[in-house]
Amino acid sequence: MSTHNTNPPETRCGFIALVGAPNVGKSTMVNAMIGQKVTIVSPKPQTTRAIMMGIKMAGPTQLIFVDTPGIFKPRQRLERAIVKEAWRGFYEVDYVALVVDGSKGICGGTRHVIEALQKEKRPACVIINKVDLIKASVLLPLSQELYDTKLFEQVFMVSAIHGDGVQDVVNFLSTKAPTGPWQYPENDFSSAPIQFLAAEMTREQIYLETEQELPYSTCIETEEFEEKADGSLLIRQVIYVLRDAQKKIIIGKHGSKIKHISETARKELESTLNRKVHLFLHVKVKDNWTERPEHYDMMQLDFPK
Ligand code: GDP
Ligand code: MG
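Residues numbered from 1 in each chain as written. Chains lettered and ligands numbered in written order. Predicted model: local features only at pLDDT ≥ 70, side-chain atom pairs only at ≥ 80, totals over all residues. Heavy atoms only, no water.

**Student:** Please clarify how the packing of helix 1 (residues 26–34) against helix 5 (residues 166–174) should be interpreted in this entry.
**Tutor:** Packed helices, taken two at a time, are described by the angle their axes make and the gap between the axes. Closest axis-to-axis distance for the helix 1/helix 5 pair is 9 Å, and the angle between their directions is 80°. Put simply, helix 1 runs roughly perpendicular to helix 5. The segment helix 1 lies against helix 5, with Met29, Ala32 and Met33 engaging Val166, Val169, Val170 and Leu173. Residue composition of the contact of helix 1 with helix 5, by class: seven nonpolar, no polar and no charged. (Axes fitted to C-alpha atoms, helices over the stretch in contact; angles between N-to-C directions. Helix = DSSP H or I, 4+ residues; strand = E, 2+ residues; numbered from the N terminus. Parallel < 35°, antiparallel > 145°, perpendicular 65-115°, else oblique. Contact = heavy atoms within 4.5 Å. Nonpolar A, V, L, I, M, F, W, Y, C, P; charged D, E, K, R; others polar.)

Right under this line is the structure:
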């Protein structure tokens, strides 16, 4: 008579940080691995300010992808807070995935991570992203150079934006999760409260719709957040800017810019949350918000002294 093992399979759970230079596609990769948008993306560096965690179930394994801000040389206080947050992601996880922009190669922030891995000897893999932009003649020497560091168990080549090679990375990372209980309910896809996701969706549109220093001069505060009886959400947010001229730009001619930002952010949020959202935005000038601790709390960052 055959015996069947009726015990549930052993659960595994792993925190995996995606780290690297700004703009290499860490957030795009996290969204691609989760299969939906959990963290915001723009062509501008420092779009990601605080750690965002996306959750993916792979059979009995829960993978928690820790999206981190880019690593660069910080100057102002907000930049110091952002880079500190990125290193926190690096040090507090089970496994590190260094993301490299294949079209840029090994530069600044990538080198800092490589040096940290040399010192720390942490288990890691490397993901060469944006392979859609490069030829094999560039890709192969780059992957060889990364292999030669002997820091990485695997070198992956992906196009996060097209999804190419993404599943291979997920399969590999699933084998790296240690045995242990799941940290989040099975159906969760993000560790962030909905209020924070909503604020991030608005910030993403500001990054996409405004130029130069303006996106870096903004932060979002949730003024009101209410779940209606019909399941819809009512959200009021304040967009803080540093100067009156910035307020005018965000509002736009006859309010056209803010209307567009609010409509697009609302649609993104509705599709991520799969529920109706009523989003109201207004803009306030606060000339010193980047020097005020309470704004770092809103951004879920530590206030660096
Ligand atoms: P992060 O700063 O490392 O989180 O980078 P993001 O995920 O915000 O992406 C930065 C920019 O690179 C965005 O404009 C993305 O659309 C773009 N990007 C990300 N992945 C790819 C990719 O695989 N191919 C190409 N061509 N662009 C990508
Ligand atoms: Mg990012």
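**Student:** I'm lost on the site of ligand 1 in this one. Help?
**Tutor:** Around ligand 1 sit 16 residues, and of these Asn23, Gly25, Lys26, Thr28 and Asp132 come closest. Within the backbone of Gly25, a nitrogen or oxygen atom sits 2.9 Å from an oxygen atom of ligand 1. Asn129 is positioned with one of its side-chain polar atoms (N or O) 3.1 Å from an oxygen atom of ligand 1. Notes on ligand 1: free accessible area 580 Å², of which the protein chains cover 88%. Counting residues per element, the shell around ligand 1 draws most heavily on helix 1, which supplies three residues. Class assignment of the residues belonging to the shell around ligand 1 gives a composition of six nonpolar, seven polar and three charged. (Near = heavy atom within 4 Å. Polar contact = N/O pair within 3.5 Å; in protein donor to acceptor, adjacent residues only side chain to side chain. Areas by Shrake-Rupley, 256 points an atom, 1.4 Å probe, with all protein chains shown as cover.)

**Student:** Would you take a moment to explain the pairing of strand 2 (residues 52–58) for this structure?
**Tutor:** Both faces of the sheet carry side chains from a regular strand, because those side chains alternate between them. Two elements, strand 2 and strand 3 (residues 61–67), share seven bridges in a ladder whose sense is antiparallel. Residue pairing across strands places Met53 opposite Val66, the latter belonging to strand 3. From the end of strand 2 to the start of strand 3, which pair antiparallel, there are two residues, and Gly59 there has a positive phi angle of about 60°. (Pairing = 2+ DSSP bridges.)

**Student:** Looking at this structure, how should I read the packing of aromatic side chains?
**Tutor:** Describing an aromatic ring pair means giving the distance of the ring centres and the angle of the ring planes. Across all of its chains, the model carries seven aromatic pairs by this definition. Judged by centre distance (5.3 Å) and plane angle (80°), the ring pair of Trp87 and Phe90 falls under edge-to-face. Of this pair, Trp87 and Phe90 both sit in helix 2 (residues 77–91), separated by three residues, roughly a single helical turn. One aromatic cluster in this structure is built from Trp87, Phe90 and Tyr91. Arg236 extends its terminal NZ or CZ atom over the ring of Phe280, reaching a point 4.9 Å from the ring centre. Just above the ring of Tyr240 sits the side chain of Lys286; from NZ or CZ to the centre is 5.2 Å. (Phe/Tyr/Trp six-rings, centres within 6.5 Å; stacked < 30°, edge-to-face > 60°. Lys NZ or Arg CZ within 6 Å of the ring centre and 35° of its normal.)

**Student:** Looking at this structure, how should I read the sheet that holds strand 8 (residues 233–241)?
**Tutor:** Strands pair in a sheet through their backbones, by hydrogen bonds, and they do so in one of two ways: parallel or antiparallel. Strand order in the open sheet formed by three strands is 7-8-9, with mixed pairing between adjacent strands. Both outer strands of the open sheet, strand 7 (219–227) and strand 9 (277–285), are each paired with one neighbouring strand and no more. The average undirected angle you get between the axes of adjacent strands in this sheet is 15°. Pairing geometry for strand 8 and strand 9, over nine bridges, is parallel. Counted as the bridge partner of Leu234 is His278 from strand 9. Taken strand by strand, helix 8 (residues 256–273) contacts strand 8 and strand 9, and its axis lies near 140° from that of strand 9.

**Student:** Whenever I open this one, the side chain of Thr39 confuses me. Can you help?
**Tutor:** If you trace the backbone, Thr39 turns up in the loop between helix 1 and strand 2. Looking at Thr39, its side chain comes within polar contact range of the side chain of Asp67, at 2.7 Å. Residue contacts for Thr39: discarding those within four places in its chain leaves Ser27, Val30, Asn31, Met52 and Asp67.

**Student:** Even after reading the chapter, I still don't get the environment of Thr149, so can you show me in this structure?
**Tutor:** With respect to the secondary-structure elements, Thr149 resides in the loop between helix 4 (136–148) and strand 6 (155–157). In this structure the C-alpha to C-alpha distance between Thr149 and Gln118, which are 31 residues apart in sequence, comes to 8.7 Å.

**Student:** Where do I start with the coordination of the magnesium ion (ligand 2) in this structure?
**Tutor:** Note on metal geometry: ideal angles are 109.5 degrees for four donors arranged tetrahedrally and 90 or 180 degrees for six donors arranged octahedrally. Coordination sphere of the magnesium ion (ligand 2), protein contribution only: Ser27 (OG) and Thr48 (OG1), at 2.0 to 2.2 Å. In this pair, Ser27 sits in helix 1 while Thr48 sits in the loop between helix 1 and strand 2, placing the two residues 21 residues apart along the sequence. According to the relative accessible area criterion, Thr48 is buried, its value standing at 9%. (Donors = N, O, S within 2.8 Å, 3.2 Å for Na, K, Ca; no water. Buried < 20%, exposed > 50% of the residue type's maximum accessible area, 1.4 Å probe, protein only.)

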